[in-house]
Amino acid sequence: ISIVLVAMCADPARAQFADVTTSSGIGAIVTSRYASHPNWWLSGTNNWNAVCHQGVLGAALAIEEDHALVARMLTLAAGRLPAFLSGYGADGSTSEGPGYWSYGFGWFAELNAQLEHRTRGQLSVFEGDTKVAAIARFAPQMTLAGGHFVNFSDGGRTGRLSPSLLTYLGQRLADPTLIAQGTAL
């Protein structure tokens, strides 16, 4: 939300908003809670890890101009995001089902897109990770006709996978099946 608001503001207001956001939000998280008093989601194996990392790190990747601060955040995240991926089986399966896959893995994919954009492709949480490719293929394999999911845990029986997410994953992982599934929805 703050990223959208920053983009909508005139230049003086944008600068002021960015200063407040980074000094009380991004910077404060890194210098205090994130580094020395970790929140429970930092080491979680469920979708909270990816969702919260994307919110905090994604904001920094979008607006933070202090490269040292962003580098420190990336270092911290590199030690924490593997916990999220460990919540998935080697085949890409998750105990949270396709609905939560869309949410958690969707935000993980968004974080990757932001990271690759900010670093011009020099850094990626996808690159060379075969497990990420398996995770990307999981939810489409658990989707039946008519928007029905083979779901479990507290996920619903029906839902819709995001066409843009499937298309991005297909393009990024060079997987024509994911691209076709994304464009078919």
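For the structure, check the block above.
Residues numbered from 1 in each chain as written. Predicted model: local features only at pLDDT ≥ 70, side-chain atom pairs only at ≥ 80, totals over all residues. Heavy atoms only, no water.

Trainee: Could you clarify how one ought to interpret the nonpolar core in this entry?
Mentor: Generally speaking, soluble globular proteins have nonpolar side chains that are buried together. Leu57, Phe84, Trp101, Phe105, Phe108, Phe126 and Leu169 are the most contacted members of the largest nonpolar core, which has 35 residues in total. At the level of elements, helix H3 (47–63), helix H4 (67–86), helix H5 (97–118), helix H6 (130–141) and helix H7 (163–172) are the ones that each hand at least two residues to this core. Looking at which element gives the most residues to this core, the answer is H4, with 8 residues. Setting aside residues up to four positions removed in sequence, Phe108 forms contacts with Ala50, Leu81, Phe84, Leu85, Val125, Phe126 and Val132. (Core = buried A, V, L, I, M, F, W, Y, C linked by side-chain atoms within 4.5 Å. Buried < 20%, exposed > 50% of the residue type's maximum accessible area, 1.4 Å probe, protein only. Helix = DSSP H or I, 4+ residues; strand = E, 2+ residues; numbered from the N terminus. Contact = heavy atoms within 4.5 Å.)

Trainee: What should I look at first to understand the pattern of salt bridges in this one?
Mentor: When the charged atoms of two side chains lie near each other, side chains of opposite charge can form a pair. Summed over the entire model, instances satisfying the criterion amount to 3 salt bridges. Between Arg172 and Glu127 there is a salt bridge, with the nearest N and O atoms lying 2.7 Å from each other. With Arg172 in helix H7 and Glu127 in the loop between H5 and H6, the pair connects residues that are 45 residues apart, well separated along the chain. Here Arg137 ties to Asp175 by a salt bridge, and the two come within 2.5 Å at their closest N and O atoms. Taken as a pair, Arg137 in helix H6 and Asp175 in the loop between H7 and helix H8 (176–184) lie far apart in primary sequence, 38 residues in all. (Salt bridge = Lys/Arg side-chain N within 4 Å of Asp/Glu carboxyl O.)

Trainee: How do you make sense of H6 when you look at a structure like this?
Mentor: Turn by turn, an α-helix covers 3.6 residues, leaving residues three or four places apart pointing in a common direction. Here H6 spans 17 Å end to end across 12 residues, near enough to the 16 Å set by a 1.5 Å rise per residue. All of the buried residues in H6 are Val132, Ala133, Ala134, Ile135, Ala136, Phe138, Ala139 and Pro140. Where H6 is buried, its residues contact H4, H5, H7 and H8. Near the N-terminus of H6, the side chain that reaches the backbone nitrogen of Lys131, with its oxygen 3.0 Å away, is that of Asp129. (Expected span 1.5 Å × (residues − 1). Polar contact = N/O pair within 3.5 Å; in protein donor to acceptor, adjacent residues only side chain to side chain.)

Trainee: Before we go on, may I ask you to explain the packing of aromatic side chains in this structure?
Mentor: The relation between two aromatic rings is expressed through the spacing of the ring centres and the mutual angle of the planes. Summed over all chains, the structure comprises 8 aromatic pairs. Taking 5.3 Å as the distance between ring centres and 75° as the angle between the ring planes, the aromatic pair formed by Phe84 and Tyr88 counts as edge-to-face. On the basis of relative accessibility, which here comes to 0%, the residue Phe84 falls in the buried class. Aromatic ring contacts, followed pair by pair, group Phe84, Tyr88, Trp101, Phe105, Phe108, Phe126 and Tyr168 into a single cluster. (Phe/Tyr/Trp six-rings, centres within 6.5 Å; stacked < 30°, edge-to-face > 60°.)

Trainee: What exactly am I supposed to notice about the packing of H5 against H7 here?
Mentor: Their axes nearest at 11 Å, the elements H5 and H7 cross at an angle of 50°. The orientation of H5 with respect to H7, classified from their angle, is oblique. Where H5 crosses over H7, the handedness of that crossing is left-handed. Contacts from Trp101, Ser102, Phe105, Gly106, Ala109, Asn112, Ala113 and Glu116 of H5 reach H7 at Leu165, Leu166, Tyr168, Leu169 and Arg172. By residue class, the composition of the contact of H5 with H7 is 8 nonpolar, 3 polar and 2 charged. (Axes fitted to C-alpha atoms, helices over the stretch in contact; angles between N-to-C directions. Parallel < 35°, antiparallel > 145°, perpendicular 65-115°, else oblique. Left-handed = near helix turned anticlockwise from the far one by under 90°. Nonpolar A, V, L, I, M, F, W, Y, C, P; charged D, E, K, R; others polar.)

Trainee: What exactly am I supposed to notice about the environment of Arg118 here?
Mentor: As for its placement among the helices and strands, Arg118 is situated in helix H5. Taking the C-alpha atoms as reference points, Arg118 and Leu61, 57 residues apart in sequence, are found 6.3 Å from one another. Leaving out residues up to four positions away in the same chain, Arg118 has contacts with Ala60, Leu61, Ala62, Glu64, His67 and Val70. From its side chain, Arg118 meets the backbone oxygen of Ala60 in a polar contact 3.1 Å long. Side-chain polar atoms of Arg118 contact the side chain of His67, separated by 3.4 Å.

Geometric values such as these leave the question of function open.
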